[in-house]
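# Residue-level structure breakdown
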Amino acid sequence: MAAKLNLSGQPDSETSSLNDQTVSSRSSNRSVRVAEKERRKIEAEDPFVLALKYFTDVEAGTPVTGNDEVEKHLVLVEKAAYSRGLSPEAISNMLEFAMSLRMGTTLCARVLKCLIPATAVPQEAVVRAVVWLGVGKIPITTQVLFIKWVLTVFDMIDAKDQLRAIYGFIFSFVTDENLCPYICHLLYLLTRKESVRVFRVRKLLELQSKLGRQPFLLHLLSLYKVFCPELVTLSIPSRMRSGFRNHNSPWKSVLIGVQKRNGSQVASSIAPSAFMVKDKTNSRKRKYCHLEMPALNCVINKQAETGTSSSRKLVPVVQLNSFAQLLENMHHIELPAQMGSLLGSSLALQYLDCVQDESALLRLNFWLGYALHEEFLFCSDGGASQNSEEALQFLNKLLSTQHFLQEGFSSSEAFLYKFLNVWDGSLFRPEILGLLSNIPVIPSSQIGRLLFEPLMQLFFTSSLFFKCGLMECLNNMLLKWLTWHSVYALEDDLDISLNSHTSINMTLSGFKDSVMELVLFVGRLASVGLQLEGCHSLLLSFILDFYETVCDTFLKYGLPLVLMPPPGVFYPALFATDPVNVDRLAYIMYRYKVNLTSAKSQERVTEQAFHISRQTFREFNNYGVVMANCLWNSKMFHPGMGVQLGEELLLKSNVPQYSASFDLIHHPAFMSYAVDFHQRCWPGRKDMDLNSIKLSKPWSWYLEYLFTQGYDGLKQFFQGNISRQQTAGDGQGDSVSSRQR
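Summary of the structure given here. (Residues numbered from 1 in each chain as written. Predicted model: local features only at pLDDT ≥ 70, side-chain atom pairs only at ≥ 80, totals over all residues. Heavy atoms only, no water.)

## Notes on the overall build of the protein
Threshold: Only DSSP runs of H or I reaching four residues or more are called helices, and only runs of E reaching two or more are called strands; each is numbered from the N terminus. Classification of residues uses two cut-offs on accessible area relative to the type maximum, computed with a 1.4 Å probe and protein chains only: under 20% is buried, over 50% is exposed, and between them is partly exposed. In what follows, residue pairs with any heavy atoms lying within 4.5 Å of each other are defined as contacts.
In terms of helices and strands, the protein carries 32 helices and six strands. Put simply, the protein has 741 residues, and 50% of those count as buried. Nonlocal contacts in the protein, meaning residues at least 24 apart in sequence, comprise 73% of its contacts between residues at least 6 apart.

## Structural notes on unusual backbone geometry
With a phi close to 55 degrees, Leu101 is a non-glycine residue in the positive phi region. Along the chain, Leu101 turns up in the loop between helix 5 (88-100) and helix 6 (108-113). With a relative accessible area of 17%, Leu101 lands in the buried category. One non-glycine residue with positive phi stands out, namely Gln406, at about 60 degrees.

## What about the pattern of salt bridges?
Rule in force here: Salt bridges are identified by distance alone: a Lys or Arg side-chain nitrogen within 4 Å of an Asp or Glu carboxyl oxygen.
Applying the stated criterion across every chain, the model contains eleven salt bridges. Between Lys210 and Glu177 there is a salt bridge, and its shortest N-O distance comes to 3.6 Å. Here Glu177 lies in the loop between helix 10 (167-171) and helix 11 (180-190) and Lys210 lies in helix 12 (residues 198-211), a separation of 33 residues in the sequence. Lys210 gets classed as exposed once you look at its relative accessible area, which sits at 57%. Beyond isolated ion pairs, a larger network of salt bridges with shared partners links Glu71, Glu78 and Arg110.

## A closer look at the packing of helix 24 (residues 508-532) against helix 26 (residues 567-574)
Quick note on the threshold: Throughout, an axis means a line fitted to C-alpha atoms (over the contacting stretch in the case of helices), and angles, computed between N-to-C directions, take values from 0 to 180 degrees. Every angle not falling under 35 degrees, over 145, or within 65 to 115 is termed oblique; those three ranges are roughly parallel, roughly antiparallel and roughly perpendicular. Ten residues, namely Ala, Val, Leu, Ile, Met, Phe, Trp, Tyr, Cys and Pro, are considered nonpolar, four, namely Asp, Glu, Lys and Arg, are considered charged, and the remaining ones, Gly among them, are considered polar.
Where helix 24 contacts helix 26, the axes come no closer than 8 Å and their chain directions differ by 45 degrees. Classed by the angle they form, the pair helix 24 and helix 26 counts as oblique. Note on element contacts: helix 26 touches helix 24 through Gly568, Val569 and Pro572, opposite Gly523, Ala526, Ser527 and Leu530. Per-class residue counts for the contact of helix 24 with helix 26 are four nonpolar, three polar and no charged.

## Describing a nonpolar patch on the surface
Put simply, the rule is: Patches in this entry comprise residues that are over 30% relatively accessible and not in a salt bridge; like charges within 9 Å are linked, as are nonpolar side chains (Val, Leu, Ile, Met, Phe, Trp, Tyr) within 5 Å. Accessible surface is estimated by sampling points in the Shrake-Rupley manner with a 1.4 Å probe; for residues, cover comes only from the protein chains shown.
A surface patch of nonpolar side chains, about 300 Å² in accessible area, is lined by Met456, Phe460, Val528 and Leu532. Sorting the residues of the nonpolar patch by element identifies helix 22 (444-461) and helix 24 as the ones contributing at least two each. Within the secondary structure, Val528 is located in helix 24.

Structure, rendered in structure tokens:
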């Protein structure tokens with residue numbers, strides 16, 4: 001032995017060290033074997049492990065009746081499933097037991113109902129179970145229950161590539177009338193562009209001719225049309241009621257409870273990717289966690305990621321870390337399994353905005369619609385108000401997403417039309433009004449029913465602050481409508497695409513009708529609202545914000561439409577005690593004149609000019625004359641003015657010089673300025689005579705003094721409508737330059 005060691009050339013010290021390492025390694029391995037043996041011993045004594053082993057090893061044909069052992073083991077599995085959920089291995093074993101019918105059909109439904117996953121569902125187990133459907137021995141009710149379970153846990157399946165590989169096999173079950181609604185839903189979730197084939201489109205159309213225009217068929221056909229519009233010639237309604245019912249009621253509440261107890265983040269993914277509607281036979285209790293933003297995960301699991309993604313050359317969104325990477329892989333993006341996770345990723349939103357993937361938008365709209373309806377409409381115990389912080393974060397995230405995309409989602413639009421009918425006007429008021437301001441243009445034939453009727457009831461029965469908020473919301477809505485028009489209007493045929501993510505088109509005349517209806521509606525609300533609130537200056541300020549937008553529709557946004565404010569808005573603003581509101585009214589009238597003058601000049605020289613009615617000019621001229629005579633010429637109550645009072649009534653008021661009560665000197669909004677100006681000009685006078693300001697030089701100084709206070713609206717109005725500004729009071733030498741043509 002010594003000779004051999006010497007021949008190896010190793011010193012004795014190194015040999016001793018190697019021997020020590022060998023002894024240490026053997027000791028470590030022995031410890032691992034002991035620990036493994038102990039673990040197996042504990043597992044062998046665990047009743048739940050024994051129960052799983054029983055269902056894994058049970059022989060086919062074992063009787064159920066009188067079998068106390070199977071009952072004992074099934075109760076253990078049910079208890080574990082409902083308390084902490086089942087592991088992927090347990091799900092796989094129990095699903096195989098149920099679908100293989102080893103003990104007949106008696107226990108099959110009961111086992112399916114207790115398949116509550118704790119973390120994930122193995123794709124291989126689902127594929128094997130789907131294959132068992134083709135055996136033909138499973139009762140139809142059990143088949144339906146199994147597909148419902150797959151729809152419930154769809155987003156918890158660890159991969160989808162093998163399921164999509166058997167897309168054709170799953171499609172073959174669509175001919176069964178009992179399975180058709182559920183199979184269509186599953187196909188909807190699995191469909192990719194390569195899944196759309198001519199023979200499948202023909203089969204769906206054949207089923208539609210047999211079953212009628214069923215919503216679940218239309219939704220699947222609509223997705224097919226998104227991918228291959230040349231294959232689906234069927235006209236799909238732009239507004240369809242949701243066609244996929246809520247199939248997950250047997251498991252949903254238990255799933256949420258299990259996820260919460262386990263402290264897992266998977267709970268947010270149990271809301272199906274497609275939009276559901278209420279099953280009328282089920283009571284509507286609140287289902288929590290719909291408003292949690294799902295995590296941004298890959299469609300396929302990590303094990304399958306390398307092989308599958310590399311073969312398809314797709315890059316999951318979760319792997320992108322910069323905008324530069326997004327640009328490099330723009331046409332090779334793998335969308336996440338849960339489309340709701342896009343709302344939490346700025347890069348995903350940038351991809352959505354740049355590529356405008358119709359299928360991605362369709363899936364995202366369905367997920368979003370489901371969450372909104374389930375939390376705010378379909379719950380009978382208070383809904384999102386029970387967890388306001390969570391709902392507030394969700395709505396703010398949705399608002400920030402819409403601001404980023406600069407347009408709203410069709411699902412939130414459909415939700416709002418329903419929610420307005422049950423809203424109390426206070427629950428999440430800023431967020432709901434923010435969402436409302438993002439809705440696209442509504443056809444004039446539907447705008448009254450969908451928008452005006454519920455808003456009118458809320459407006460007249462709510463507080464001042466709600467009225468102000470609604471006015472701001474409607475102003476933002478009009479601004480976005482006009483902006484869409486200026487961006488998307490086509491010069492040739494004057495067609496307007498309402499937004500970049502919709503296929504609904506509207507002619508220019510239809511768009512004008514919708515805008516006109518909105519402006520007239522706000523005019524009615526504003527007139528009555530000012531009466532109800534005593535012409536409150538805050539409400540009047542928000543109303544004037546709206547009309548600052550309206551007065552510039554032609555020059556600023558290129559819309560051939562001019563609408564004047566109603567008298568119920570004009571006169572409260574003219575007689576307001578706040579000088580800022582009077583100045584804003586003057587600016588609005590100045591902008592009206594600029595727009596009308598420009599439109600009239602274009603009408604003379606261009607062929608495609610629009611016609612402005614004489615009534616519009618008449619209204620503008622009347623308002624202009626009233627303002628000039630009121631603020632400048634001191635002819636407030638003369639015949640022909642908009643506000644007329646009988647001579648006897650005016651004398652009984654005992655107001656001296658009542659015709660000058662609302663000029664720039666005696667107007668309640670400017671009297672403090674007149675007093676201050678008088679004290680500056682004549683500091684030594686003991687008696688204050690404000691009429692002395694009407695003299696030629698003091699009047700010019702007073703006007704300059706007012707204009708230096710920042711009242712540019714008055715300055716622009718007078719410069720544009722008064723021929724000269726040297727005298728005031730009698731109106732001698734002065735004239736109003738706005739003349740009716």
